[in-house]
Amino acid sequence: MNFIKRNIGLIITALIIGSMIFITVKSNLESTDSGESFKVKTSINSNIDTGLKLGKLPPDFKLTTITGETLTLSDHKGKKVILNFWTSWCPPCKEEMPHMEKYYQKNKDSQNVEIIAINMTNSDNIKSVEKFVDAYELTFPIPLDKSGNVMDAYEIKFLPETYLINSEGIIAHHIRGPVNEKVLTDLVSDLP
């Protein structure tokens, strides 16, 4: 009890700062209109439901990449897709990116795989993202989720998070935390 009395000022300050961060992020999510979109697509195969669980068709989205190109998930049907969510300030994201780039360079053609690494730009800084991409010499597409709509659609709670999607467009794996080259090699090679 004495600890609480002695530190009540620090506890109140921490609560106020936490509340301000939450309100700022929520406000940015609600007010940003960047032209980004996502939609839930129904499958040509009516037996496949849309959702985020294994065996489901994930939500489609349309985002602009860091190089200015428009990218949608549905454009990659027929390829295996590693769909990654990250930020430049996230230590585990920094840990996994060299592994992802190395895997991509070795396997993009032979495994018919694409990495789509969505930056959570609504909680990042575009200059930091550009520096990060340059520092790690990333060559796979980096879509920018400026509004946070795709992050919300995929219910991203941790960073990094990765969905592995098979060539039929169905979620096969969901990984919370960093991946490495061996994990990607093992999991993607088993995807149809």
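Here we look at the overall build of the protein chain
Summing up its helical and strand segments, the protein chain has 6 helices and 8 strands in all. When the helices and strands of the protein chain are listed from N to C terminus, the series reads α-α-β-β-β-β-α-β-α-β-α-β-β-α. In the protein chain, which comprises 192 residues, the proportion classed as buried is 42%. The long-range fraction of contacts in the protein chain, counting pairs at least 24 apart against all pairs at least 6 apart in sequence, stands at 70%. Accessible surface, the protein chain: about 10,700 Å² in total, of which carbon and sulfur atoms supply 55%.

Focus: the confidence of the model for the protein chain
When pLDDT is averaged along the protein chain, the result is 84; 76% of the residues meet or exceed 70. The low-confidence segment residues 18-46, where pLDDT is below 50, has 34 contacts with residues more than four positions distant or belonging to other chains.

Examining the pattern of salt bridges
Between side chains of opposite charge, a pair can form as their charged atoms come close. A full pass over the atoms with the stated rule returns 6 salt bridges. Taken together, the salt bridges that share partners define one network made up of K102, K106 and E181.

Brief notes about the packing of aromatic side chains
For the structure shown, the criterion picks out 6 aromatic pairs. Ring centres of Y104 and F140 lie 5.6 Å apart, and the angle between their planes is 85 degrees; on these two criteria the pair is classed as edge-to-face. Note that Y104 is positioned in helix α3 (residues 91-107) and F140 in the loop between α4 (126-135) and β6 (143-144), a separation of 36 residues in sequence. Take Y104 and F140: they sit in the same class, and that class is buried.

Topic: the pairing of strand β8 (residues 171-176)
Bridge count between strand β7 (residues 161-165) and β8: 5 bridges; the pairing is antiparallel. What sits directly across from E161, in β8, is R176. The turn joining β7 and β8, which pair antiparallel and follow one another in sequence, is formed by 5 residues; a positive phi near 85 degrees is taken by G169.

Some remarks on α3
For α3, with 17 residues, the first-to-last C-alpha span of 25 Å sits near the 24 Å given by 1.5 Å per residue. Where the residues of α3 are buried, they touch β4 (80-86), β5 (113-119), α4, β7 and α6 (181-189).

Quick notes on α4
For α4, every residue scored as buried is listed here: V129, F132 and V133. Seen along its axis, α4 keeps its buried residues to an arc of 95 degrees; they face one direction. Facing away from the buried side of α4, by more than 90 degrees, are the exposed residues K127, K131, D134 and A135. As for α4, its buried residues are in contact with β4, α3, β5 and β6. At the N-terminal end of α4, a side-chain oxygen is found 2.8 Å from the backbone nitrogen of K127, two or three residues along, and the residue is N125. In the stretch just after α4, E137 is the one whose phi turns positive, near 50 degrees.

Some words on the pairing of strand β2 (residues 60-65)
Of the pairings in the sheet, the one linking β2 to strand β3 (residues 70-72) comprises 3 bridges and is antiparallel in character. Counted as the bridge partner of L63 is L71 from β3. Two successive antiparallel strands, β2 and β3, enclose a turn made up of 4 residues, where G68 displays a positive phi of approximately 90 degrees. Direction of pairing for β2 relative to β6: antiparallel, over a ladder of 2 bridges.

Conventions we followed
- Residues numbered from 1 in each chain as written.
- Predicted model: local features only at pLDDT ≥ 70, side-chain atom pairs only at ≥ 80, totals over all residues.
- Heavy atoms only, no water.
- Helix = DSSP H or I, 4+ residues; strand = E, 2+ residues; numbered from the N terminus.
- Buried < 20%, exposed > 50% of the residue type's maximum accessible area, 1.4 Å probe, protein only.
- Contact = heavy atoms within 4.5 Å.
- Areas by Shrake-Rupley, 256 points an atom, 1.4 Å probe, with all protein chains shown as cover.
- pLDDT = per-residue confidence, 0-100.
- Salt bridge = Lys/Arg side-chain N within 4 Å of Asp/Glu carboxyl O.
- Phe/Tyr/Trp six-rings, centres within 6.5 Å; stacked < 30°, edge-to-face > 60°.
- Pairing = 2+ DSSP bridges.
- Expected span 1.5 Å × (residues − 1).
- Arc of directions from axis to C-beta.
- Polar contact = N/O pair within 3.5 Å; in protein donor to acceptor, adjacent residues only side chain to side chain.

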